[in-house]
Amino acid sequence: MSAVDTPAAAEPRTRRIIPLLVFALAVALLVATPFLPNYHIRVINGLLIYILLGIGLNIVIGYAGLLDLGFVAFYAVGAYTYALLASPQFDLHLPFLLILLIAAFLGMLTGILLGIPVLKLRGDYLAIVTLGFGEIIRIVMNNVDWLTGGPQGIARLDKASVFGIEFARPVEIYFLLLVIVFTVAVLVWRMERSILGKAWAAIREDQDAARGIGINTTNAKLAAFATSASIGSIAGVIFAASQRFVSPESFTLQESVLIVLMIVVGGIGNILGIVAGATILILLPEVLREFAEWRILFLGLLMIVLIIIRPAGIVPRSFGPDKLIRGLFGK
Amino acid sequence: MTLIFQNIRKQYGSNVAIDDVSTEFVPGLIHGIIGPNGAGKSTLINMTAGSYAVSSGAIVLDGRQMQSLKKYEIANSGIARTYQNIRLFDQMTALENLEVCYYPTEVGATWREVLWPPFGRSQRERRREACMEILRFFNLQGYASAEAGSLPYGRQRMLEIARALVMNPRVLLLDEPAAGLNHHETAELTAKLAELRSPDRIMIIVEHDMDLVMTLCDRIVVMHHGKLLFQGTPAEVQANPDVQLAYLGTANDIDEIRAAAQDRRAKLGIRARQRS
Ligand SMILES: Nc1ncnc2c1ncn2[C@@H]1O[C@H](COP(=O)(O)OP(=O)(O)OP(=O)(O)O)[C@@H](O)[C@H]1O
Ligand SMILES: [Mg+2]
C-alpha cells in the first residue's frame with residue numbers, strides 16, 4: 001500500500017465566496033472609516049486596539065496553549081508608561097516612538113517576570129495566578145498615588161507625534177493604528193510560522209513530547225509571554241495616546257476576559273479569527289446600543305450559539321492568513 | 001560510544017519498578033528489551049530519555065552521566081524516543097512534526113527570520129528537504145501536509161519513528177513500535193527498522209511481538225518484576241529455561257515462536273544475524 005495523497009479537497013466555489021465577501025467588506029470599512037463622523041472613527045480605533053490586544057494574547061493562549069487571564073496588566077504597563085513619560089505628571093515629554101520602544105521593553109520584562117513563577121503551571125492554575133497578577137497591577141495603579149495619580153489617573157497626556165507629524169485627532173490615530181496593527185499582525189504571523197512558532201504549537205499539543213525532541217520549554221514559553229506582553233504594552237501606549245488620559249478603570253478583569261472571549265469566539269490560534277472575534281464583540285454592542293438592556297442578553301445568546309455551532313471559532317485555526325491570500329489571489 | 005546502565009533503580013512510592021539493573025548497549029546492534037507486562041521495560045526507556053528520574057544508579061552515555069540532565073538536554077545530547085502510546089503533535093502536519101525537531105539548532109535565528117524573510121531561507125529549504133526525505137523513507141510523503149492526528153494508526157506509529165529519526169539520534173529508543181499494527185504493517189516496520197541499523201547508532205526496541213524481536217534483535221535483555229532476568233542473543237534467550245518459565249511459557253511455544261521467526265526472516269530476506 002503506498003501512502004495516499006490527502007490534499008484539502010478542492011473547495012467548492014461557494015465556500016470561497018464567503019471569505020471573499022467578508023474580506024471585501026472589511027476593506028470597504030477600512031477605506032470608508034476616515035470619512036465617518038469622529039464618534040464612529042473612535043469606535044473603529046477601539047476595535048483596532050482590541051485586535052492588537054487579541055493578537056498579543058493569542059500568542060500565549062492560541063499558540064502556546066497557556067490560559068492567561070491577566071493580560072490587561074501588560075496593557076496597563078504600556079498605558080502608564082506613556083502617561084508617566086509624556087505628561088505634566090513628572091513633566092517628562094519624551095517622543096512617542098521612544099516611549100513605544102520603552103513600553104515594548106517594559107512589557108517584555110513584566111511578561112518574563114510573570115512568566116517565571118507560573119512556568120510550571122498549566123490550565124486552571126495558570127489562569128488563576130495570571131488573573132491575580134492582573135488584579136495586582138490594577139490595585140497598584142489605584143494605590144500608588146504619587147506615581148500613578150491613584151483612582152484619578154493621569155490626565156493631559158501629550159499628543160503623540162512621530163517625526164513632527166501629530167497623531168491626535170481620531171482619524172490620525174486611526175492611521176497610526178492601521179500601520180501598527182498591520183505591522184504587528186504580519187510579524188506575529190511570521191513568528192507563528194517560524195521554528196519558534198512551531199515549538200509553541202508542539203508545547204501546546206504535548207509539552208512532555210516537546211521536551212523529548214529537545215525543546216527547552218521554559219525558554220520557549222518565556223518567549224511567548226515576553227512577545228505577547230510587549231504587544232499588549234504597545235497597545236496600551238496607543239490607547240493612552242489616543243485617550244490622553246489613563247486611570248485604573250480601563251484595566252479591569254473584565255477587559256482581560258473580553259479579550260479571551262474575542263479569541264475563543266473568533267478562532268483560537270488564528271489572527272483572522274481574532275479580527276472576526278473582535279469585530280463581533282466590539283462593533284455589535286455599538287450597533288445594538290439602541291436596544292439598551294436587551295443588548296447584553298442578545299450578546300450572551302450569540303456567544304452561546306456561536307460556541308455551539310462553531311466550537312473552533314468563527315474562523316478556525318486551519319483557515320489562516322495563508323489560506324486567505326491563496327483564496328484571494330487564486331494561487 | 002556505549003550506553004551503560006549502572007545499578008539503576010526506580011521506585012514509585014513503595015513499588016520497586018526497577019531493581020538494580022546493570023547492562024550495556026553498543027552501537028551497530030539492535031538491542032531488544034522484553035518481559036511480561038509491568039516488568040519495567042517502559043520505565044527503563046523513560047529513565048533513559050529523561051522522562052522519569054532514576055531513584056539511584058547512573059545512566060552513562062559515552063562517558064557522560066545522563067541521569068541528572070533535563071529531558072530536553074538529554075534529547076539534545078542525542079537520545080530520541082517513541083512512546084508506547086503514540087504522542088505526536090496532533091494538530092501539526094506530518095511535515096511540521098519533523099521540522100519542529102530543528103528547534104534547538106535554529107531557534108537562535110528566529111528574530112532575524114521574522115524581520116527579514118530571506119534570512120536563512122536556503123537553510124529552511126534544506127531542512128524541509130531533509131524532513132521530506134525521511135517521510136519518503138517511511139512512505140509518508142503523501143501525508144506531508146495532513147494533520148498528524150488525522151493519519152491512520154499505523155502511519156502515526158511510523159511518523160513517530162520518523163520524528164525520532166530526524167533528530168539524527170545516537171541512541172534510538174522505541175517503546176513497542178509494533179503495538180496495534182497489523183501483520184502487513186509489522187512486516188513493513190520490521191524491514192524499515194532493519195535498515196536503520198547503523199554503526200553509529202545504538203538501537204533499543206521494547207516489544208511484545210516476538211517475531212519482530214527475534215528477527216531484528218542482536219542482543220536481548222529480559223526483564224522480570226523489575227529485575228534483569230537474563231541477557232544474550234535471541235537463540236540464547238529462547239533456550240534459557242528461566243526465560244521460558246518466566247515469560248515465554250512452555251517449550252512448545254518456544255518452538256512455535258522460533259519457527260515463526262525463521263519464517264518471517266526468510267520472507268523478508270533479512271539476514272539480521274549475519275550482519276552483527
Ligand atoms: N508513572 C508511574 N507511576 C507509578 N507506577 C508506575 C508508573 N509507571 C509504571 N509504574 C509501575 O512500574 C512497573 C513497571 O511498569 P512499566 O510501564 O515500566 O512496565 P512495562 O514492562 O513497560 O509493561 P508493559 O509491557 O505493560 O508496557 C509496573 O508495576 C507499573 O505499575
Ligand atoms: Mg511498557
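As the structure is a computational prediction, the values presented were derived from the model and not from experiment.

1. Some remarks on the packing of helix H11 (residues 253-266) of chain A against helix H12 (residues 271-287) of chain A
All names here are of chain A.
Then comes step 1: Two elements in contact, H11 and H12, have axes whose closest approach is 7 Å; the angle formed by their N-to-C orientations is 120°. Between H11 and H12, the angle falls in the class oblique. Of the two possible hands of crossing, H11 and H12 adopt the one that is right-handed. Within the contact between the two elements, H11 uses Leu258, Leu261, Met262, Ile263 and Gly266 and H12 uses Gly273, Ile274, Gly277, Ala278, Leu281 and Ile282.
Then comes step 2: Partitioned by chemical class, the residues of the contact of H11 with H12 number eight nonpolar, three polar and no charged.

2. Describing the nonpolar core
Grouped burial of nonpolar side chains is what soluble globular proteins tend to show.
Then comes step 1: One finds Tyr82(A), Phe96(A), Ile215(A) and Leu159(B) to be the most contacted residues of the largest nonpolar core, which totals 154 residues.
Then comes step 2: The residue makeup of this core includes at least three contributed by each of domain 1 (1-78 + 169-239) and domain 2 (91-154) of chain B.
Then comes step 3: If you look at the next biggest cluster of nonpolar residues, it comprises 25 residues, including Val21(B), Ile33(B), Ala39(B) and Ala49(B).

3. Here we look at the coordination of the magnesium ion (ligand 2)
Then comes step 1: The protein atoms that coordinate the magnesium ion (ligand 2) are Ser42(B) (OG) and Gln84(B) (OE1), at distances spanning 1.9 to 2.0 Å. A residue pair is termed long-range when its members are at least 10 positions apart, and Ser42(B) in helix H1 (residues 41-48) and Gln84(B) in the loop between strand E6 (79-81) and helix H3 (94-99) qualify at 42 residues.

4. Structural notes on the pairing of strand E10 (residues 227-232) of chain B
Residue and element names in this part refer to chain B.
Then comes step 1: Relative to E10, strand E9 (residues 219-224) runs antiparallel, the two sharing five bridges. Along E10, the bridge assignment pairs valine 222 with phenylalanine 230.
Then comes step 2: Counted along the chain from E9 to the antiparallel partner E10, the turn is two residues long, and its residue histidine 225 has a positive phi close to 50°.

5. Some words on the UniProt feature "transmembrane region" (unreviewed entry) in chain A
All names here are of chain A.
Then comes step 1: Taking the UniProt record as the reference, the feature "transmembrane region" (unreviewed entry) is found at residues 17-36, 48-76, 96-116, 123-141, 173-189, 222-245, 257-284 and 296-314.
Then comes step 2: Between the end C-alpha atoms of residues 173-189 the distance is 24 Å, and the span holds 100% helix and 0% strand.
Then comes step 3: Annotation note: span residues 296-314, helix share 74%, strand share 0%, distance between end C-alpha atoms 20 Å.

6. Describing a nonpolar patch on the surface
Then comes step 1: There is a patch of nonpolar side chains on the surface, built from Phe291(A), Trp294(A), Leu297(A), Leu301(A), Ile304(A), Val305(A), Ile308(A) and Ile309(A) and spanning about 880 Å² of accessible area.
Then comes step 2: We classify Trp294(A) as exposed; its relative accessible area is 58%.

7. Details of the layout of surface pockets
All names here are of chain A.
Then comes step 1: In this structure, the second largest pocket encloses a volume near 880 Å³.
Then comes step 2: Around the second largest pocket, the lining is made up of 30 residues, and of these Gly46, Tyr50, Glu255, Ile282 and Glu286 lie nearest the centre.
Then comes step 3: Every element with two or more residues in the lining of the second largest pocket is listed here: helix H2 (38-63), helix H7 (170-193), helix H10 (217-243), H11, H12 and helix H13 (294-309).
Then comes step 4: At eight residues, the largest contribution of residues to the lining of the second largest pocket is made by H2.

8. Notes on the site of ligand 1
Residues and elements named next belong to chain B.
Then comes step 1: Lining the immediate environment of ligand 1, one finds 15 residues, of which Lys41, Ser42, Thr43, Gln84 and His208 sit closest.
Then comes step 2: Taking asparagine 37, its side chain carries an N or O atom lying 2.8 Å from an oxygen atom of ligand 1.
Then comes step 3: Between glycine 40 and ligand 1, the recorded distance is 2.9 Å, taken from a backbone N or O atom to an oxygen atom.
Then comes step 4: Taken by itself ligand 1 offers 620 Å² of open surface, and the protein chains cover 65% of this.
Then comes step 5: Those elements that place two or more of their residues in the shell around ligand 1 are strand E2 (15-25) and H1.
Then comes step 6: Looking at the shell around ligand 1, the element that brings in the most residues is H1, giving three residues.
Then comes step 7: For the shell around ligand 1, the residue count by class is five nonpolar, eight polar and two charged.

9. Observations regarding the pairing of strand E1 (residues 3-12) of chain B
Residue and element names in this part refer to chain B.
Then comes step 1: Looking at chain direction, E1 and E2 are connected through seven bridges and run antiparallel. Along E2, the bridge assignment pairs glutamine 11 with valine 16.
Then comes step 2: What sits between E1 and E2 in their antiparallel hairpin is a turn of two residues, with glycine 13 showing a positive phi close to 60°.
Then comes step 3: Two elements, E1 and strand E4 (residues 56-61), share five bridges in a ladder whose sense is antiparallel. Paired with leucine 3 across the bridge in E4 is leucine 61.

10. Some points on empty space enclosed by the protein
Using a probe with the size of a water molecule, rolled over the atoms, empty space left in the structure can be pinpointed.
Then comes step 1: For the structure shown, the criterion picks out one cavity of 30 Å³ or more.
Then comes step 2: Within this model, the largest cavity holds a volume of roughly 50 Å³.
Then comes step 3: Every residue lining the largest cavity is listed: Ala209(A), Gly212(A), Ile213(A), Ala80(B), Arg81(B), Tyr83(B), Arg163(B), Ala164(B) and Met167(B).
Then comes step 4: Residue assignment for the lining of the largest cavity shows that the elements contributing at least two residues are helix H9 (207-212) of chain A together with E6 and helix H7 (153-166) of chain B.
Then comes step 5: Residue composition of the lining of the largest cavity, grouped by class: six nonpolar, one polar and two charged.

11. Section: the interface of chain A and chain B
Then comes step 1: Tallying the contact residues gives 29 residues for chain A and 36 residues for chain B.
Then comes step 2: Both faces combined, the contact of chain A with chain B buries some 3,000 Å², and carbon together with sulfur accounts for 62% of it.
Then comes step 3: Across the contact surface, chain A and chain B share three salt bridges.
Then comes step 4: The partner of Asp208(A) in a salt bridge is Lys71(B), with the nearest N and O atoms 3.0 Å apart.
Then comes step 5: The interface formed by chain A and chain B includes nine residue pairs in polar contact (both at pLDDT 80 or more).
Then comes step 6: Going through the elements one at a time, H7, helix H8 (195-205) and H9 of chain A are the ones with two or more residues in the side of chain A that touches chain B.
Then comes step 7: Broken down by element, the residue count for the side of chain A that touches chain B peaks at eight residues, all from H8(A).

12. Considering the environment of Leu189(B)
Then comes step 1: Here Leu189(B) lies in helix H8 (residues 183-196).
Then comes step 2: On a C-alpha basis, the gap between Leu189(B) and Phe89(B) in space is 21 Å, while along the polypeptide they are 100 residues apart.

13. Topic: the packing of aromatic side chains
Then comes step 1: Applying the stated criterion across every chain, the model contains 12 aromatic pairs over all chains.
Then comes step 2: A ring pair is formed by Tyr75(A) and Phe239(A), whose centres lie 5.2 Å apart and whose planes are at 45°; its orientation type is tilted. Taken as a pair, Tyr75(A) in helix H3 (residues 72-85) and Phe239(A) in helix H10 lie far apart in primary sequence, 164 residues in all. Each of the two residues, Tyr75(A) as well as Phe239(A), counts as buried.
Then comes step 3: Taken together, the ring pairs in this structure connect Tyr75(A), Tyr80(A), Phe239(A) and Phe251(A) into an aromatic cluster.
Then comes step 4: One Lys or Arg, Arg87(B), reaches over the ring of Tyr83(B) and ends 4.8 Å from the middle of that ring.
Then comes step 5: Residue placement shows Lys192(B) over the ring face of Phe137(B); its charged tip is 4.7 Å from the ring centre.

Rules and cut-offs
- Along each chain, numbering runs from 1 in the same order as the chain's sequence is written.
- Here the convention is simple: chains get letters from A, ligands get numbers from 1, in the order in which they are written.
- Residue-level local features of this predicted model are given only where pLDDT is at least 70; pairs of side-chain atoms are given and counted only at 80 or more, and the full residue set underlies all totals for whole chains, interfaces and linings.
- To obtain the side-chain values, all non-hydrogen atoms of the structure were included, while hydrogens and water were left out.
- Axis angles are defined between N-to-C directions and span 0 to 180 degrees, where every axis is a line fitted to C-alpha atoms and, for a helix, only to the segment in contact.
- Helix numbers and strand numbers start at the N terminus; a helix is a DSSP run of H or I with at least 4 residues, a strand a run of E with at least 2.
- Note that the term roughly parallel is reserved for angles under 35 degrees, roughly antiparallel for angles over 145, roughly perpendicular for angles of 65 to 115, and oblique for everything else.
- Left-handed is the label given to a crossing in which the near helix is rotated counterclockwise from the far helix by less than a right angle, and right-handed is the label when the rotation is clockwise.
- Contacts are residue-level and defined by heavy atoms, with any inter-residue pair within 4.5 Å sufficient.
- Just so you know the grouping, Ala, Val, Leu, Ile, Met, Phe, Trp, Tyr, Cys and Pro go in nonpolar, Asp, Glu, Lys and Arg go in charged, and all remaining residues, Gly too, go in polar.
- The definition of a nonpolar core used throughout is a set of buried Ala, Val, Leu, Ile, Met, Phe, Trp, Tyr and Cys residues joined through side-chain atoms within 4.5 Å.
- Note on classification: 1.4 Å probe, protein chains only; a residue is buried when its accessible area is under 20% of the maximum for its type, exposed when over 50%, partly exposed between these limits.
- Each domain's extent is set by a domain assignment, obtained either automatically or from a database.
- Because no water is among the atoms considered, metal sites can look incomplete, with donors defined as N, O and S atoms within 2.8 Å of the metal, or 3.2 Å for Na, K and Ca.
- Think of it this way: DSSP has to see at least two bridges between two strands before they count as a pair.
- UniProt positions are given in the numbering used here, feature names are shortened, and annotations may be inferred rather than shown by experiment.
- Like charges are joined within 9 Å and nonpolar side chains (Val, Leu, Ile, Met, Phe, Trp, Tyr) within 5 Å, but only among residues with over 30% relative accessible area and no salt bridge; these make up the patches.
- Per-residue and other accessible areas follow the Shrake-Rupley method at a 1.4 Å probe size, with only the shown protein chains counted as cover for residues.
- We define a salt bridge as a side-chain nitrogen of Lys or Arg found within 4 Å of a carboxyl oxygen belonging to Asp or Glu.
- Think of a 1 Å grid over the protein atoms and nothing else: a 1.4 Å probe that fits but is trapped marks a cavity, an open set flanked by protein within 12 Å on at least five of seven lines marks a pocket, and residues with an atom within 4 Å of a point count as lining.
- Grid points are joined across faces, edges and corners, and a volume is the space filled by probe spheres set on the points.
- Think of it this way: one heavy atom of a residue within 4 Å of a molecule or strand is enough to make that residue near it.
- Definition of a polar contact: a pair of N or O atoms within 3.5 Å, with one able to donate and the other able to accept a hydrogen when the atoms are protein atoms, and with sequence-neighbouring residues admitted only if both atoms are side-chain atoms.
- The term buried area refers to how much accessible surface (probe radius 1.4 Å) is lost by two components on association, counted for both of them together.
- Here a pair means two rings of Phe, Tyr or Trp (six-membered ring of Trp) with centres within 6.5 Å. Their orientation is stacked below 30 degrees between planes, edge-to-face above 60, and tilted elsewhere.
- Geometrically, a lysine NZ or arginine CZ counts as sitting over a ring once it is within 6 Å of the ring centre and also within 35 degrees of the ring normal.

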